[in-house]
Amino acid sequence: MIEKSNLKGVAFALTGFAVFSTHDVVIKVLGGTYAPFQILFFSALLGFPVATLMLISDKTPGTLRPVHPWWVLARTAAALITGVSAFYAFSVLPLAQVYAFIFAAPLLITILSIPMLGEKVGPHRWAAVAIGLLGVLIVLRPGADAFTLGHSAGLTAAAGSASSSVPARKIGPAERRAVMMLYPMMGYVVIMGMILPFVYVPMPVEHLGLLAIVAVFGFTGALCTVLA
């Protein structure tokens, strides 16, 4: 019988994927006009009011200093790589192709869970990984189209997503949710803010509204992923 905690994890994961699907469509719309660095900067910046509401409602005692600073730093770096790669891939590739790459992330998580979490993966899960990777190859049809920078970005996004998810599982029980959420956001604002002057394009108010949607949905999807 499936444990209740597993069912909750599945429910949070499915909710996160559903939220991200809308989030990604908006990124696709904006990606035709703006650089991924600009979209990431403003979506992270506009996400801080949502993070503030989460902090106000969080009754967990403690500070925002990480219990495992190096793991939090590694997860933040992986999240930054994932964000830039995924946003670029969404801007230059069809959504179906990008999602084919992203669907490889859970398979990579299964593989990384062995050295990083010490989990045991039985033959049934290895078979599922092999079938999943075969499915990704069927969708992508290697050789049918030229391999572009967008495809490389999609692969990097999948690897980065897996690399940020496994540390979240490792340190999740010890770290506050606020720490898990805020450090990647601060990384986006600082690093993307340094790049922004070189790529900035003025934005009309309706596009700022779309970025607010990206911010809220991105924060919600990421929180669901952390909870899962």
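Analysis parameters
Residues numbered from 1 in each chain as written. Predicted model: local features only at pLDDT ≥ 70, side-chain atom pairs only at ≥ 80, totals over all residues. Heavy atoms only, no water. Helix = DSSP H or I, 4+ residues; strand = E, 2+ residues; numbered from the N terminus. Rg over C-alpha atoms; globule rule 2.2 N^0.38 Å. Buried < 20%, exposed > 50% of the residue type's maximum accessible area, 1.4 Å probe, protein only. Phe/Tyr/Trp six-rings, centres within 6.5 Å; stacked < 30°, edge-to-face > 60°. Contact = heavy atoms within 4.5 Å. Core = buried A, V, L, I, M, F, W, Y, C linked by side-chain atoms within 4.5 Å. Patch = residues over 30% accessible without salt bridge, like charges linked within 9 Å, V, L, I, M, F, W, Y side chains within 5 Å. Areas by Shrake-Rupley, 256 points an atom, 1.4 Å probe, with all protein chains shown as cover. Salt bridge = Lys/Arg side-chain N within 4 Å of Asp/Glu carboxyl O. Axes fitted to C-alpha atoms, helices over the stretch in contact; angles between N-to-C directions. Parallel < 35°, antiparallel > 145°, perpendicular 65-115°, else oblique. Left-handed = near helix turned anticlockwise from the far one by under 90°. Nonpolar A, V, L, I, M, F, W, Y, C, P; charged D, E, K, R; others polar.

A few words now on the overall build of the protein chain. A count of helical and extended segments in the protein chain gives 9 helices and 0 strands. Counted from the first residue to the last, the protein chain has its helices and strands arranged as α-α-α-α-α-α-α-α-α. Whereas a compact globule of 228 residues would reach a radius of gyration of roughly 17 Å, the protein chain reaches 18 Å, a difference of no more than 12%. By principal-axis analysis of the C-alpha atoms, the protein chain measures approximately 55 × 55 × 30 Å. Out of the 228 residues in the protein chain, the part that is buried amounts to 38%.

Moving on, we get to the packing of aromatic side chains. Within this structure, the stated rule accounts for 3 aromatic pairs. An angle of 85° between the planes, with centres 5.1 Å apart, marks the rings of Phe41 and Phe42 as edge-to-face. The same class applies to Phe41 as to Phe42, namely buried. Ring centres of Phe42 and Tyr200 lie 6.4 Å apart, and the angle between their planes is 45°; this geometry places the pair in the tilted category. Here Phe42 is found in helix H2 (residues 36-57), whereas its partner Tyr200 is found in the loop between helix H8 (177-199) and helix H9 (205-227), with 158 residues between them in sequence. Residue classification places Tyr200 among the partly exposed positions, given a relative accessible area of 43%. Three or more aromatic residues joined by ring pairs form one cluster here, namely Phe41, Phe42 and Tyr200.

Once that is clear, we can look at the environment of Leu155. As for its position among the elements, Leu155 is in helix H7 (residues 149-171). According to the relative accessible area criterion, Leu155 is partly exposed, its value standing at 44%. Distance in space between the C-alpha atoms of Leu155 and Val29 is 21 Å, their sequence separation being 126 residues. Excluding its chain neighbours within four sequence positions, the residues that come into contact with Leu155 are Phe101 and Phe147.

Along the chain, Ile131 turns up in helix H6 (residues 123-140). In this structure Ile131 comes out as exposed when scored by relative accessible area, which is 60%. Taking the C-alpha atoms as reference points, Ile131 and Pro106, 25 residues apart in sequence, are found 12 Å from one another.

Moving on, we come to the nonpolar core. Looking at soluble globular proteins, one finds that nonpolar side chains tend to be buried together. By size, the foremost hydrophobic cluster in this structure holds 27 residues, and its most contacted members are Leu30, Ile39, Phe41, Phe42, Tyr188, Met192 and Leu211. Listed by contribution, the elements that provide at least two residues to this core are helix H1 (4-31), H2, helix H3 (69-92), helix H4 (95-102), H7, H8 and H9. The element best represented in this core is H3, accounting for 6 residues. Once you skip the residues sitting within four places of it in the chain, Ile39 turns out to touch Leu30, Gly31, Tyr34, Phe87 and Leu211. Core analysis: the second largest hydrophobic core is formed by 14 residues, Val72, Ala168, Ala178 and Met185 among them.

On the surface, Val10, Leu14 and Phe17 cluster together to form a nonpolar patch covering roughly 320 Å² of accessible area. Relative to the helices and strands, Leu14 resides in helix H1.

For the rest of this paragraph, the subject is the packing of H2 against H3. Orientation of H2 relative to H3, taken along the N-to-C sense of each, is 120°, at an axis distance of 9 Å. Here H2 is positioned oblique relative to H3, judged by the angle of their axes. In terms of crossing hand, the pair formed by H2 and H3 is right-handed. Listed contacts from H3 to Pro36, Phe37, Ile39, Leu40 and Ser43 of H2 are Gly83, Val84, Phe87 and Tyr88. Classifying every residue of the contact of H2 with H3 gives 7 nonpolar, 2 polar and no charged.

The values are spatial; any link to function lies outside them.
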